[in-house]
Every structure is written in C-alpha cells, then in structure tokens.
Amino acid sequence: MKVLIVDDEEMIRGVLKEYVEFEGGTAFEAADGMQAVKMCRDNDFDIILMDVMMPKLDGFSAVKEIKKIKNIPVIMLSARGEEYDKLFGFEIGADDYVTKPFSPKEVMARIHAVLKRGAQETQNDVITFEGLTIDMVGRNVYVDGEKAELTPKEYEILFYFVKNKGIALTREKLLMDVWGFDFYGDDRTVDTHIKMLRSNLKQYRKFIVTLRGLGYKFEV
C-alpha cells in the first residue's frame, strides 16, 4: 500500500512512516497541503493521512482540491476534536477522522479498515424504491430522477441499509460494519451522518426509520 502522510510536524510524519513501512507499505511525506495536492497530481496513492492545521494550505482545503482530481481515501488527523470539524471533514469527502494525540497502532487499524471497505465488492444491481433509485455499482443515488450529492460515507451508509433492508441495526453495529473500526461508543457519529443522509434523500428519508433506544432500520 502507498500512503501519503501530510503533516507539518516532521516527528509525526516520521512515526507514522515507520509504522507504515513496518507493515510492508510505502510511505511518502508532504509538509503542507499545497505540497500534498502537487504530489497527488503526479502520483497515485492508496490512502492519505491528512493533518488539518498546516501552513500554506490547510488540510480541509487540500482534501477539496485533491477530490477534484482523484478519488483517494483520506483519514483526517487533527488536534481539534469538535463535532463541527469532524462533520465538515466528512462533508468534503474524508473517510475517517482521528483526533490527536493518537496511537500509531490505531491509525494503522483505521487505514486497514478504510482500505478493506474500498476493496469490498459491491452488488451489481440498480434498486428502486418508489422515486429513490440506487445504483450499487456506479455509486449513484437519484431522487425523483435528480442525482443526489452524497458524501462517500453517506453512500456507504445507504448501501449498507439497502443490503440489510428490514433488519434492526444498532448504532454499534453500524459503526463496526460501515466504519470498520470500533469508535468506542461515539454514537453521535452515526446520528450525525444519518441526519445528513436523510436531508439529501428528501421525502424518501421516510425509509430510514429511527428505533428509539436502539438504532435504525431501512424499511419500505
């Protein structure tokens, strides 16, 4: 695996590089967002570890620029753990968000989880529920014929719901199967993303049913 590590702190880059190489991967380094964007234009990476607060170009801005040219999974790294920052990171296409200080082993576990999700085969189907059309292969969702602009995580949540239609799903189950890593009970992550997903599905938000005290169910 080819990992691009973007952080203005050389020590953090060095520690993460050591862990990536220990597990047989190849690590590349960038000291700021501008350098990261340039490297992504000229190279292909399997995943990016992106710090948020950096000189020249911050991590959020760098991710938005990179997503315009390539669809590379991104894990955000930040000393700021506010829900707003996490939500904004997910909205611009980040796949995960790790708060500093972090354990390098945890970062590696999250890298493997993100890459595993990306490698999983999708169902070769186009499914329609009333005016909601879901293209499982093309990763497109249409609401009454109009394409819905979902974040990568919203796609994953919706597809998981569809695959488990009619089954009651706890927040813990969603965290483990969709995020692929134990978030140690941070159920608000699930609720925040489902709120965003429901908003984008408009009137078809009715298919995502809240099960009070438990979780959610996709019911048609």
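The structure displayed is predicted, hence computed values, not measured ones.

Peer 1: I would appreciate a short explanation of the overall build of the chain in the present structure.
Peer 2: A count of helical and extended segments in the chain gives eight helices and twelve strands. Taken against the 2.2 N^0.38 rule, which gives 17 Å for 220 residues, the C-alpha radius of gyration of the chain at 18 Å falls within 12% of a compact globule. Across its three principal directions, the C-alpha atoms of the chain cover 50 × 35 × 30 Å. Sequence-distant contacts, at least 24 apart, represent 55% of the contacts inside the chain between residues at least 6 apart.

Peer 1: Which parts of the structure should I look at to understand the packing of aromatic side chains?
Peer 2: To describe a pair of aromatic rings, you give the distance between the ring centres and the angle between the ring planes. Summed over the entire model, instances satisfying the criterion amount to eight aromatic pairs. Pairing Phe28 with Phe45 gives two aromatic rings, centres 5.3 Å apart and planes at 70 degrees, and the pair type is edge-to-face. Of this pair, Phe28 sits in strand S2 (residues 26-30) while Phe45 sits in the loop between helix H2 (33-42) and strand S3 (47-51), and the two are 17 residues apart along the sequence. You can call Phe28 partly exposed: its relative accessible area is 28%. For Phe45, a relative accessible area of 8% puts it in the buried group. Aromatic pair Phe207 and Phe218: ring centres 5.9 Å apart, planes at 55 degrees, arrangement tilted. Here the residue Phe207 occupies a position in the loop between helix H8 (188-201) and strand S11 (208-211), and Phe218 occupies one in strand S12 (residues 215-218), the gap between them amounting to eleven residues. Looking at Phe218, the relative accessible area reads 0%, which means it is buried. An aromatic cluster of at least three residues, connected via ring pairs, comprises Phe129, Phe161, Tyr204, Phe207 and Phe218.

Peer 1: How do you make sense of the sheet that holds strand S6 (residues 126-129) when you look at a structure like this?
Peer 2: Paired through their backbone hydrogen bonds, the strands of a sheet run either parallel or antiparallel. Read from one edge to the other, the open sheet built from four strands follows the order S6-S7-S8-S9, with strand pairing classed as antiparallel. Bordering the open sheet on either side are S6 and strand S9 (146-147), each of which pairs with just one other strand. One ladder, built from two bridges, connects strand S8 (residues 140-143) with S9; its direction is antiparallel. When the sheet's bridge partners are listed, Tyr142 is paired in S9 with Lys147.

Peer 1: When you look at helix H3 (residues 59-69) in this model, what are you seeing that I'm missing?
Peer 2: An α-helix turns once per 3.6 residues; consequently, residues spaced three or four apart project the same way. For H3, the full list of buried residues reads Gly59, Phe60, Ala62, Val63 and Ile66. Angularly, the buried residues of H3 cover 155 degrees about the axis, an arc narrow enough to put them on a single face. Elements in contact with the buried residues of H3: H2, S3, strand S4 (74-78), helix H4 (83-91) and strand S5 (96-99). If you check the start of H3, you find a side-chain oxygen 3.0 Å away from the backbone N of Phe60, and it comes from Asp58.

Reading the values: rules and limits
Residues numbered from 1 in each chain as written. Predicted model: local features only at pLDDT ≥ 70, side-chain atom pairs only at ≥ 80, totals over all residues. Heavy atoms only, no water. Helix = DSSP H or I, 4+ residues; strand = E, 2+ residues; numbered from the N terminus. Rg over C-alpha atoms; globule rule 2.2 N^0.38 Å. Contact = heavy atoms within 4.5 Å. Phe/Tyr/Trp six-rings, centres within 6.5 Å; stacked < 30°, edge-to-face > 60°. Buried < 20%, exposed > 50% of the residue type's maximum accessible area, 1.4 Å probe, protein only. Pairing = 2+ DSSP bridges. Arc of directions from axis to C-beta. Polar contact = N/O pair within 3.5 Å; in protein donor to acceptor, adjacent residues only side chain to side chain.

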